[in-house]
Amino acid sequence: MNMKHKDVSYLSIQNLVDQLARKIKDSGNDFDLILGIARGGCIPSTMLSYRLNNVNVRMLQLSSYTDKERGEVFMEHFDNNCLEYIKQMNAHVLIVDDLSDSGHTFSFLVNKFLERGIHHKTAALYRKEHTKFVPDYYAAQLPQDVWIHFPWEWDRRNLYSEG
């Protein structure tokens, strides 16, 4: 597949987060906790916390691919105590990531939540059209052949050079 590349600005991210916040508010759902999937979900979850007036934000390191492999979910430095803490809180959790591409990351984490009976919904800035996991809330849909470059990933494309 010949991938097309799309650079996304911080202004675009703000607009997408605003769209997500409107959808979430319109749904009538209130959340006790916003859980960002690090690293891509860190900035969107923080921005959503401001839009939704929710100061209780946590991050969880989880990735469905590395630079070498793709498709298997790796949990680096994952602390099961995080999920136990959330379960004890009896919290309604909004799980946030930047993108639902293959859907592996969301599927893996949602299964962990379901195993523990944790009430949750999911949100992403983007979803790919053939993802195996469609978030409850998303701002935009993309074709499968588009590779997104988020502004916080600038070093991955060497967009800036010194001198």
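The structure displayed is predicted, hence computed values, not measured ones.

Another point: the packing of helix α1 (residues 10-27) against helix α2 (residues 42-51). Between α1 and α2, the least distance of the axes is 9 Å, while the angle of their chain directions is 55°. Here α2 runs oblique to α1, going by the angle between their axes. Crossing of α1 over α2 shows right-handed handedness. Across the interface between the two elements, Tyr10, Ile13, Gln14, Val17, Asp18, Leu20, Ala21, Ile24 and Lys25 from α1 touch Ile43, Pro44, Met47, Leu48 and Arg51 from α2. Classifying every residue of the contact of α1 with α2 by side-chain character gives 10 nonpolar, one polar and three charged.

Attention shifts here to the packing of helix α3 (residues 80-89) against helix α4 (residues 104-116). Remark: α3 packs on α4, axes separated minimally by 11 Å, with the N-to-C direction vectors making an angle of 50°. Considering their axes alone, α3 and α4 lie oblique with respect to each other. Of the two possible hands of crossing, α3 and α4 adopt the one that is right-handed. Residue-level inspection shows Asn80, Leu83, Glu84, Ile86 and Lys87 of α3 in contact with α4, the latter providing Lys112, Phe113 and Arg116.

Let us look at the environment of Lys121. In this structure, Lys121 sits in strand β7 (residues 120-128). For Lys121, a relative accessible area of 25% corresponds to the partly exposed category. In this structure the C-alpha to C-alpha distance between Lys121 and Tyr137, which are 16 residues apart in sequence, comes to 8.1 Å.

What follows covers the packing of aromatic side chains. Aromatic rings in a pair are described by how distant their centres are and how their planes are angled relative to each other. Within the structure shown, the criterion is met by four aromatic pairs. Both rings, one in Tyr10 and one in Trp152, keep their centres 6.2 Å apart while their planes meet at 50°; by these two values the pair is tilted. Taken together, the residues Tyr10 in helix α1 and Trp152 in the segment after β9 (146-149) connect sequence positions 142 residues apart. Overall, Tyr10 belongs to the partly exposed group, its relative accessible area being 43%. Among the residues examined, Trp152 registers a relative accessible area of 18% and is labelled buried. Geometrically, the ring pair formed by Phe150 and Trp152 is stacked, given 5.0 Å between the ring centres and 5° between the ring planes. By the ring-pair criterion, three or more aromatic residues cluster together here, those being Tyr10, Tyr126, Phe150 and Trp152. Across the ring face of Tyr138, the terminal group of Lys23 is positioned such that the distance to the ring centre comes to 5.2 Å. Lying over the aromatic face of Tyr138, Arg127 brings its terminal NZ or CZ to 5.3 Å of the ring centre.

The next thing to look at is the pattern of salt bridges. One pass over the structure, following the stated rule, counts five salt bridges. Measuring nitrogen to oxygen at the nearest pair gives 2.9 Å for the salt bridge that ties Asp145 to Lys4. Residue Asp145 is found in the loop between β8 (137-142) and β9, and its partner Lys4 is found in strand β1 (residues 4-7); the two are separated by 141 residues along the sequence. Its relative accessible area of 17% is what places Asp145 among the buried residues. In this structure, Arg116 engages Glu115 in a salt bridge whose closest nitrogen and oxygen atoms are separated by 4.0 Å.

Basis of the calculations
Residues numbered from 1 in each chain as written. Predicted model: local features only at pLDDT ≥ 70, side-chain atom pairs only at ≥ 80, totals over all residues. Heavy atoms only, no water. Axes fitted to C-alpha atoms, helices over the stretch in contact; angles between N-to-C directions. Helix = DSSP H or I, 4+ residues; strand = E, 2+ residues; numbered from the N terminus. Parallel < 35°, antiparallel > 145°, perpendicular 65-115°, else oblique. Left-handed = near helix turned anticlockwise from the far one by under 90°. Contact = heavy atoms within 4.5 Å. Nonpolar A, V, L, I, M, F, W, Y, C, P; charged D, E, K, R; others polar. Buried < 20%, exposed > 50% of the residue type's maximum accessible area, 1.4 Å probe, protein only. Phe/Tyr/Trp six-rings, centres within 6.5 Å; stacked < 30°, edge-to-face > 60°. Lys NZ or Arg CZ within 6 Å of the ring centre and 35° of its normal. Salt bridge = Lys/Arg side-chain N within 4 Å of Asp/Glu carboxyl O.

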